[in-house]
Amino acid sequence: MEISSQHFQVSDVRGRILDVLGLGSPGGQRILAVIGKGGVGKTTTSILLSLVASTRFKTLIMSIDPAMHLVEYLGLGDAIGRFVHVKGNLWAYQLDLDRSVRDLAENYTMHVRDLLPSLKVLNLDDVIDIMKSVPGLEEEVYLRTVREATMRDFEVVVVDTPPTGVTLRVLTLPRLYNLWLGKLIELRERIVALRYMIARTLYGEREVRDRALDKLYKLKDHYSTLEKIFTSPTHTSYILVSNPEPLPYTEMAKAIDYITRNLNQKPKLLVMNKVSLAPSSGDIMRVFCSLQFPKMVIREAPKPPSTLSDVESLLDYVDLDFCEKSLSHL
Ligand SMILES: Nc1ncnc2c1ncn2[C@@H]1O[C@H](COP(=O)(O)OP(=O)(O)OP(=O)(O)O)[C@@H](O)[C@H]1O
Ligand SMILES: [Mg+2]
């Protein structure tokens, strides 16, 4: 079989992308969180990286973006809210946000009715409707969806995320919840201890478990695991995507700052997508190239990729040495 030089080059690009993502050698499960402003190419980049990862690992591309563009690119139509096989080692999951919010509201309703039996006089659907409007429910759905993926046997999970602001807040929620739960647990433990002391003294009752406290311990466990996952550089890698335009770039710079300060993490890879070499983008490319993190440039393709194979062809437009080669010309 004749191997063209282009084939060599593309294979080499795949290997280099794996190396830069820290996927050059086997390890535990890795999450690649792809973050960036709307329209910069998050879904495209996520698909591209998951295709590359799947050459060596059992890979899941998961979109928690309610815009649901992933299924369009993959041609998966109605495959929403379930794990579907794409090809080879690649699987996909598109979150159905509305459905999942409803399911979670139902789940919360059951817990609340269990803890507060007086609510049973209300119609179940009315309570679920109230629960659906509880602030933070969507964020909790995003967290649970990622957690569920991490409990499956995927070696690499690529997460195509919602807009940057939402994503960054979601990533730091586990730490905030942990602080808050720590205080709640302390308070509940004091109440429970007092209650049992009184019960033992008055009625000689033996200690029994407190269901609310058990639930709080369980929640703390859930958020501690998520906090560990998001702050562990060996488990989660952050890939920030931008275009050579002022607003997307400003958002990328803010995201770098945010994950550094709040998650104690560095970006694994900065992707500058749709680079056309127009002179107007020179300033942004110069600043981008000065950043001290691994970088990847994807040139603008003549036709916007809209299918899996279009995205795979974008590998021809990937340049991992752009800055080294072009800096003097910028
Ligand atoms: N390198 C590229 N060259 C040409 N077109 C591109 C390139 N990368 C992405 N596109 C096109 O840009 C558009 C936006 O890409 P994509 O859907 O991946 O962005 P996104 O950040 O996921 O957007 P959204 O925030 O809407 O989910 C699409 O039409 C896509 O085909
Ligand atoms: Mg998208």
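Sequence order as written defines the numbering, with residues in each chain counted from 1. For naming, the first written chain is A and the first written ligand is 1, with later ones following in the order written. Totals for whole chains, interfaces and linings use all residues, but because this is a predicted model, local features are given only for residues with pLDDT of at least 70 and pairs of side-chain atoms are given and counted only at 80 or more.

Colleague: So what about the packing of helix H7 (residues 164-203) against helix H8 (residues 211-231)? Which residues, and what values?
Modeller: Running from amino to carboxyl end, H7 crosses H8 at an angle of 155°, the nearest separation of the two axes being 9 Å. Between H7 and H8, the crossing angle belongs to the class labelled roughly antiparallel. As for how H7 packs across H8, the hand of that crossing is left-handed. Within the contact between the two elements, H7 uses Leu-171, Pro-174, Arg-175, Tyr-177, Asn-178, Leu-181, Leu-184, Ile-185, Arg-188, Glu-189 and Val-192 and H8 uses Ala-212, Leu-213, Leu-216, Tyr-217, Leu-219, Lys-220, Tyr-223, Ser-224, Leu-226, Glu-227 and Phe-230. Here the contact of H7 with H8 is composed, by residue class, of 15 nonpolar, two polar and five charged. Whenever a helix is involved, its axis is fitted only over the stretch in contact; in every case the axis is a line through C-alpha atoms, and angles between N-to-C directions fall within 0 to 180 degrees. The secondary structure listing takes helices from DSSP runs of H or I that are at least 4 residues long and strands from runs of E that are at least 2 residues long, numbered from the N terminus. Reported orientations rely on four angle classes, namely roughly parallel under 35 degrees, roughly antiparallel over 145, roughly perpendicular from 65 to 115, and oblique for the rest. Handedness of a helix crossing follows the sense of rotation of the near helix relative to the far helix, less than a right angle counterclockwise being left-handed and clockwise being right-handed. Here the contact rule is simple: place C-beta atoms from the backbone, and any two residues whose C-beta atoms are within 7 Å are in contact. Put simply, Ala, Val, Leu, Ile, Met, Phe, Trp, Tyr, Cys and Pro go in the nonpolar bin, Asp, Glu, Lys and Arg in the charged bin, and everything else, Gly too, in the polar bin.

Colleague: For the nonpolar core, give the residues involved together with the corresponding values.
Modeller: Note that soluble globular proteins tend to have their nonpolar side chains buried in a common cluster. Each nonpolar core reported here comprises buried Ala, Val, Leu, Ile, Met, Phe, Trp, Tyr and Cys residues connected via C-beta atoms within 7 Å. Residue burial is a threshold on neighbouring C-beta atoms within 10 Å of the residue's own C-beta, all placed from the backbone, with 20 or more meaning buried, 12 or fewer meaning exposed, and counts in between meaning partly exposed. Counting residues in hydrophobic clusters, the biggest one holds 69 residues, and the most contacted among them are Leu-32, Val-158, Val-159 and Ile-239. For Val-159, the residues in contact, after removing those within four places along its chain, are Ile-31, Leu-32, Ala-33, Val-34, Met-62, Ile-64 and Val-146.

Colleague: Just give me the short version of the pairing of strand E2 (residues 59-63), but keep the residues and values in it.
Modeller: A regular strand places its side chains on the two faces of the sheet in alternate fashion. Of all five residues that make up E2, five are buried, and the element is covered over most of its length. Covered by surrounding structure in E2 are Thr-59, Ile-61 and Ser-63 together with Leu-60 and Met-62, the residues of both alternating faces. Here, strands pair whenever DSSP counts at least two bridges between them. Alignment of E2 against strand E4 (residues 90-94), held across five bridges, turns out to be parallel. Across the sheet, Thr-59 pairs through a bridge with Leu-90, a residue of E4. Bridging between E2 and strand E5 (residues 156-160) involves five bridges; their strand directions are parallel. The residue of E5 that forms the bridge with Leu-60 is Val-157.

Colleague: Please provide a residue-by-residue account of the sheet that holds E4, values included.
Modeller: Here nine strands make up an open sheet; going across it, the order is E3-E4-E2-E5-E1-E6-E7-E8-E9 and the pairing mixed. The open sheet is flanked by strand E3 (83-87) and strand E9 (318-319), the only strands paired with a single partner. The pairing of strand E1 (residues 30-36) with E5 spans five bridges and is classified as parallel. Each bridged residue has a counterpart across the sheet, and for Val-34 the counterpart in E5 is Asp-160. Of the strands in this sheet, E1, strand E6 (236-242) and strand E7 (267-275) touch helix H9 (residues 246-263), which is tilted by about 160° from E6.

Colleague: Go over the pairing of E6 with me, naming the residues and quoting the values.
Modeller: Within E6, seven of the seven residues are buried, leaving the element largely enclosed by the surrounding structure. Neither face of E6 is left uncovered, since the one carrying Thr-236, Tyr-238, Leu-240 and Ser-242 and the one carrying Ser-237, Ile-239 and Val-241 both have all their residues buried. For E1 and E6, the ladder comprises six bridges, and the chain directions are parallel. Opposite Gly-36, over in E6, you have Val-241 as the bridge partner. Sheet analysis places E6 next to E7, joined by five bridges and oriented parallel. Bridged to Ser-242 within E7 is Met-272. A crossover gets the label right-handed when its path from the first strand over the helix to the second runs clockwise, viewed with the strands pointing away from the viewer. In this region the chain leaves E6, passes through H9 and returns to the parallel neighbour E7; the handedness of that crossover is right-handed.

Colleague: Explain the site of ligand 1 residue by residue, including any values.
Modeller: Lining the immediate surroundings of ligand 1 are 21 residues, of which Gly-38, Lys-42, Thr-43, Thr-44 and Pro-304 lie closest. Of all elements in the fold, only helix H2 (42-53) and E7 reach the threshold of two or more residues within the shell around ligand 1. In terms of residue count, the dominant contributor to the shell around ligand 1 is H2 (three residues). Each residue belonging to the shell around ligand 1 can be placed in one class, and the counts come to eight nonpolar, nine polar and four charged. Placing the C-beta atom from the backbone, one calls a residue near a molecule or strand if that atom lies within 6 Å of it.

Colleague: Got a sec to walk through unusual backbone geometry? Specific residues and values, please.
Modeller: Unlike most non-glycine residues, Asn-264 shows phi in positive territory, near 55°. Secondary-structure assignment places Asn-264 in the loop between H9 and E7. Given 11 C-beta atoms within a 10 Å radius, Asn-264 is considered exposed. Backbone geometry places Lys-274, a non-glycine residue, at a positive phi of 60°. With respect to the helices and strands, Lys-274 occurs in strand E7.

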